[in-house]
Amino acid sequence: MLIVAIDTSGRNGSVALCGGDAASFEAIELCALEGGRYSARLMPSIAEVLLHSNITKSQLDGLAVVDGPGSFTGLRVGLSTAKALCEVLGKPLAAVSMLEALAVTHAREGEAVTAVLDAGRGEIYVREFQMDEENLKLIRESMPKLAEFLARPPDAGTRFVTPFPKIAEALAQTGRDATLVPPLQADAVGRIGLRKLLSGDVADPATLDANYIRRSDAELYSPPKR
């Protein structure tokens, strides 16, 4: 199976061409995307990774895209591009949460793991999981203020993973088992997306929307409809 994976959720993103099956995975090409230029660079970058491997769009078996949480503009660009390609090419689409990707990539079997991302404005994205026999079960998700979250009693037996040094340090200083991990790129998203596509866990491009957790400023401050 050949897929393109797209991540435009953060300040910088990436596109990956990935291949594999139920027993193997290969990141064939990886292209970095400069933050703030997703709308101009995403489609040319997809074309670039395909060209380097002599693959045409019609040869793809599906796509995977990060559906949140993250930058409102970035997520919209990534999702609209992925959905349009899937509809035009008639290919399936897998939606991957960046919090899910962090947990899947770094969780150990049998442990409780909590993925944490910086949400800005002093807030954090938090998603708690339980990993059992390679199956990840979502326990809960929230977007609290970091200071309020740190003031809570630590959860015994839970390991926290985050790519943000200041958050990892703050978690550790309050007695939590915190691991600073490298930021994930589209190849990690592709690995999870490939599994989803193979298992039939696909999204409907017509109804898929970004998981912002928090509404956009435009929605928060717009006057109520009459």
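Here we summarise the structure given alongside this text. Source: prediction; values computed, not measured.

1. Looking at helix α2 (residues 72-89)
For α2, spanning 18 residues, the distance from its first C-alpha to its last is 26 Å, which sits close to the expected 26 Å at 1.5 Å a residue. All of the buried residues along α2 are Phe72, Gly74, Leu75, Val77, Gly78, Leu79, Thr81, Ala82, Lys83, Leu85 and Cys86. Buried residues belonging to α2 abut β1 (2-7), α1 (38-52), β4 (62-68) and β5 (93-97). Count one or two residues on from α2 and you reach Gly90, which has phi positive near 70°.

2. Some details on the sheet that holds strand β3 (residues 25-33)
Spatially, the five strands line up as an open sheet ordered β3-β2-β1-β4-β5, and their pairing is mixed. Since the sheet does not close on itself, it has two edges, and those belong to β3 and β5, each with one partner. This sheet shows a mean twist of 20° between the axes of neighbouring strands, independent of strand direction. As paired strands, β4 and β5 are joined by five bridges and run parallel to one another. Its bridge partner being in β5, Gly68 is matched across the sheet by Ser97. Packing of α2 onto the sheet brings it into contact with β1, β4 and β5, and relative to β4 it is tilted by some 155°.

3. Section: the side chain of Asp7
One can find Asp7 in strand β1. In this structure Asp7 is buried but unpaired, with Arg11 as the nearest side chain of opposite charge at 13 Å. Within the structure, the side chain of Asp7 is placed 2.7 Å from the side chain of Ser9, a separation counted as a polar contact. The contacts of Asp7, once residues within four sequence positions are left out, are Gly13, Ser14, Leu33, Val66, Met98, Leu184 and Ala186.

4. A look at unusual backbone geometry
Backbone torsion omega between Gly68 and Pro69 reads -10°, so that peptide bond is classified as cis. Structurally, Pro69 is set in the loop between β4 and α2. If you check the backbone angles, Asn54 has positive phi at about 55° while not being a glycine. Assignment of secondary structure puts Asn54 in the loop between α1 and β4. On the accessibility criterion, Asn54 (67% relative accessible area) is exposed.

5. Re the pattern of salt bridges
Going through the model one piece at a time under the given rule, you end up with six salt bridges. Two residues, Arg37 and Glu34, come together in a salt bridge whose shortest N-O distance is 3.9 Å. Under the relative-accessibility criterion, Arg37 is labelled partly exposed at 40%. Arg41 is paired through a salt bridge with Glu48; the nearest N and O atoms lie 3.8 Å apart. Judged by relative accessible area, which is 26%, Arg41 ranks as partly exposed.

6. So, the packing of α1 against α2
At a minimum axis separation of 10 Å, α1 and α2 run at an interaxial angle of 35°. By crossing handedness, the relation of α1 to α2 is classed as right-handed. Taken together, the residues of α2 that come into contact with α1 (itself represented by Tyr38, Ser39, Leu42, Met43 and Ile46) are Gly74, Val77, Gly78, Thr81 and Leu85. Considered class by class, the residues forming the contact of α1 with α2 number six nonpolar, four polar and no charged.

Rules used throughout
- Residues numbered from 1 in each chain as written.
- Predicted model: local features only at pLDDT ≥ 70, side-chain atom pairs only at ≥ 80, totals over all residues.
- Heavy atoms only, no water.
- Helix = DSSP H or I, 4+ residues; strand = E, 2+ residues; numbered from the N terminus.
- Expected span 1.5 Å × (residues − 1).
- Buried < 20%, exposed > 50% of the residue type's maximum accessible area, 1.4 Å probe, protein only.
- Contact = heavy atoms within 4.5 Å.
- Pairing = 2+ DSSP bridges.
- Axes fitted to C-alpha atoms, helices over the stretch in contact; angles between N-to-C directions.
- Lys, Arg positive; Asp, Glu negative; His and termini not counted.
- Salt bridge = Lys/Arg side-chain N within 4 Å of Asp/Glu carboxyl O.
- Polar contact = N/O pair within 3.5 Å; in protein donor to acceptor, adjacent residues only side chain to side chain.
- Left-handed = near helix turned anticlockwise from the far one by under 90°.
- Nonpolar A, V, L, I, M, F, W, Y, C, P; charged D, E, K, R; others polar.

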